[in-house]
Amino acid sequence: MKQFWNFSAGPSVLPKVVLQQAADEMLDWQGSGQSVMEMSHRGAEFTQICTEAEADLAKLLGVGEEWAVLFMQGGATAQNAILPMNLLDLKEAQTADYVLTGSWSNKAYKEAVGYGELRIAASSGDSRVIDGVEYKPWHWLPEFSEWRVNPEASYLHYCSNETIGGVEFADLPNKEQIGAENVPLVLDVSSHFLARDWDLNKVDMLYAGAQKNAGPAGITVIVIRRELLGKCRSVCPDVFNYQKVAEANSCFNTPPTYSIYIAGLVYKWLLAQGGLAAVEQKNKAKAQLLYDYVDSTDFYNNFVQPEHRSIMNVPFIIHDAALDAKFLAGAKEQGLLNLKGHKSVGGMRASIYNAMPIEGVEALVAYMKDFERQNG
């Protein structure tokens, strides 16, 4: 059987063992006589599935009872509106700060503007020369020391990994360092959720569309400190009220049951890999392999500030854009799928998420070398 490697940015590759288990349990989940897709979300069987998924995710992240783990719908894009409706009233000023670093953080900001007064605490929206190299907008990141945070903000929001641009904040900011000692820190972590072993003591809320790295499309994961619950605006639909969703254990209404089931299998797979510390080391090794080759040749180029390159989403261009179509066609013939870059950036993009083994990256690099020999 031909080996295929899926480099899609999302929905993305899932662990084969997870897909195999789901296939084995498709018609009959653990002797229950029913598929997970047929179960009542109020029944004992699905309650077990959902409870285990929440517990396993909390274990992976190292968070305790002071945190709520929610499974919601609408994707991370819906959270751009749901978030301000839930958190803008945490403080009397009803204002929030946003850091803008690419497509997704900009979308979040533009959506939230309609709910209150927002400030831009930092932005990479202009070109900048760094160490003698000029980087285009969104291809670099403002250092934490540059952030200017309003201490009266209800929250500070940023996207820690921009899927399209391939820039990533690898570390979490120190709240004192950025002047946000009393400002809740909210991260859109969609495209590198569960890829790094972070100490979440510095964070107050994470949210992620699962389909980029942590499960299938259909659920959005919210991990939030319980102390932030209970300030939701009355105009917010109850189904999007974090407190009500938490009280209902993610079953305020019928949740995407099968997506939660698959995500739960992914969390168990990650725990079996040794947890996030082990997964992060594997991710770094995969990214280093690809970046090292791109940097070794003038035939390909990664245009992102090296200090802030994503270990999940690796964009690169060929020196002659006329070769793009030929590269993609040849890659598909070799079983290397979904390498076309986002239309706003062009070129190629290899998304090397948790479920992508290093053998897939090795196959990509081997093909890139061969393509260069034939076309360089």
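Rules behind the numbers
- Residues numbered from 1 in each chain as written.
- Predicted model: local features only at pLDDT ≥ 70, side-chain atom pairs only at ≥ 80, totals over all residues.
- Heavy atoms only, no water.
- Buried < 20%, exposed > 50% of the residue type's maximum accessible area, 1.4 Å probe, protein only.
- Helix = DSSP H or I, 4+ residues; strand = E, 2+ residues; numbered from the N terminus.
- Pairing = 2+ DSSP bridges.
- Phe/Tyr/Trp six-rings, centres within 6.5 Å; stacked < 30°, edge-to-face > 60°.
- Axes fitted to C-alpha atoms, helices over the stretch in contact; angles between N-to-C directions.
- Parallel < 35°, antiparallel > 145°, perpendicular 65-115°, else oblique.
- Contact = heavy atoms within 4.5 Å.
- Nonpolar A, V, L, I, M, F, W, Y, C, P; charged D, E, K, R; others polar.
- Expected span 1.5 Å × (residues − 1).
- 1 Å grid on protein atoms, 1.4 Å probe; cavity = no way out; pocket = protein on both sides within 12 Å on 5 of 7 lines; lining within 4 Å.
- Points joined across faces, edges and corners; volume = space filled by probe spheres on them.
- Domains from an automatic or database assignment.

1. Points about the pairing of strand 7 (residues 156–159)
Okay, step 1: Of the two faces of strand 7, the one lined by Leu156 and Tyr158 and the one lined by His157 and Cys159 are each fully buried.
Okay, step 2: For strand 7 and strand 10 (residues 185–188), the ladder comprises 4 bridges, and the chain directions are parallel. When the sheet's bridge partners are listed, His157 is paired in strand 10 with Val186.

2. Looking at the packing of aromatic side chains
Okay, step 1: Scanning the entire structure with this criterion turns up 17 aromatic pairs.
Okay, step 2: Geometrically, the ring pair formed by Tyr98 and Tyr109 is edge-to-face, given 5.8 Å between the ring centres and 70° between the ring planes. Of this pair, Tyr98 sits in strand 3 (residues 95–100) while Tyr109 sits in helix 4 (residues 103–112), and the two are 11 residues apart along the sequence. Like Tyr109, Tyr98 is buried.
Okay, step 3: Both rings, one in Tyr98 and one in Tyr155, keep their centres 5.9 Å apart while their planes meet at 65°; by these two values the pair is edge-to-face. One end of the pair, Tyr98, is in strand 3; the other, Tyr155, is in the loop between strand 6 (133–135) and strand 7, with 57 residues separating them in the sequence.

3. Structural notes on the packing of helix 7 (residues 275–295) against helix 9 (residues 358–375)
Okay, step 1: Taken N-terminus to C-terminus, the directions of helix 7 and helix 9 make an angle of 10°; their axes are 9 Å apart at the nearest point. For the element pair helix 7 / helix 9, the angle class is roughly parallel. For the pair formed by helix 7 and helix 9, the contact residues are Lys286, Leu289, Leu290, Tyr293 and Val294 on the first element and Ile358, Val361, Glu362, Leu364, Val365, Met368, Lys369 and Glu372 on the second.
Okay, step 2: Along the lines of polarity and charge, the residues of the contact of helix 7 with helix 9 split into 9 nonpolar, no polar and 4 charged.

4. As for the sheet that holds strand 3
Okay, step 1: Read across the open sheet, the 7 strands follow the order 2-12-11-10-7-3-4; overall the sheet is mixed. Both outer strands of the open sheet, strand 2 (67–72) and strand 4 (117–123), are each paired with one neighbouring strand and no more. Here the average twist between neighbouring strands, direction ignored, is 20°.
Okay, step 2: Summarising the sheet, strand 3 and strand 4 pair through 6 bridges and their orientation is parallel. Counterpart to Asp97 in the pairing with strand 4 is Arg119.
Okay, step 3: Strands strand 2 and strand 12 (220–225) of the sheet are contacted by helix 2 (residues 44–61), whose axis makes an angle of about 125° with strand 2.

5. Section: helix 2
Okay, step 1: Over its 18 residues, helix 2 extends 26 Å from the first C-alpha to the last, a length consistent with the 26 Å expected when each residue adds 1.5 Å.
Okay, step 2: Every buried residue of helix 2 is accounted for by Phe46, Ile49, Cys50, Ala53, Glu54, Asp56, Leu57, Ala58, Leu60 and Leu61.
Okay, step 3: In the core, the buried residues of helix 2 are packed alongside strand 2, strand 12, helix 6 (257–272) and helix 7.
Okay, step 4: Downstream of helix 2 by a residue or two, Gly62 has a phi angle that is positive, lying close to 75°.

6. Section: empty space enclosed by the protein
Okay, step 1: Here the structure, examined in full by the defined rule, presents 2 cavities of 30 Å³ or more.
Okay, step 2: Of the pockets and cavities examined, the largest cavity occupies roughly 90 Å³.
Okay, step 3: Lining the largest cavity, in full, are Leu60, Leu61, His192, Phe193, Leu194, Ala195, Arg196, Asp197, Trp198, Leu200, Leu206 and Leu276.
Okay, step 4: Of the residues contributing to the lining of the largest cavity, the split by class is 9 nonpolar, 1 polar and 2 charged.
Okay, step 5: Computed from the structure, the second largest cavity encloses a volume of approximately 60 Å³.
Okay, step 6: Around the second largest cavity sit Ser12, Val13, Leu14, Pro15, Asn213, Ala214, Gly215, Val266, Trp269, Tyr353, Asn354 and Ala355, which together line it.
Okay, step 7: Among the residues forming the lining of the second largest cavity, the class breakdown is 8 nonpolar, 4 polar and no charged.
Okay, step 8: Residue-level mapping places the lining of the second largest cavity at the junction of two domains, with at least three residues from each of domain 1 (21–273) and domain 2 (275–374).

Just geometry here; none of it tells us what the structure is for.
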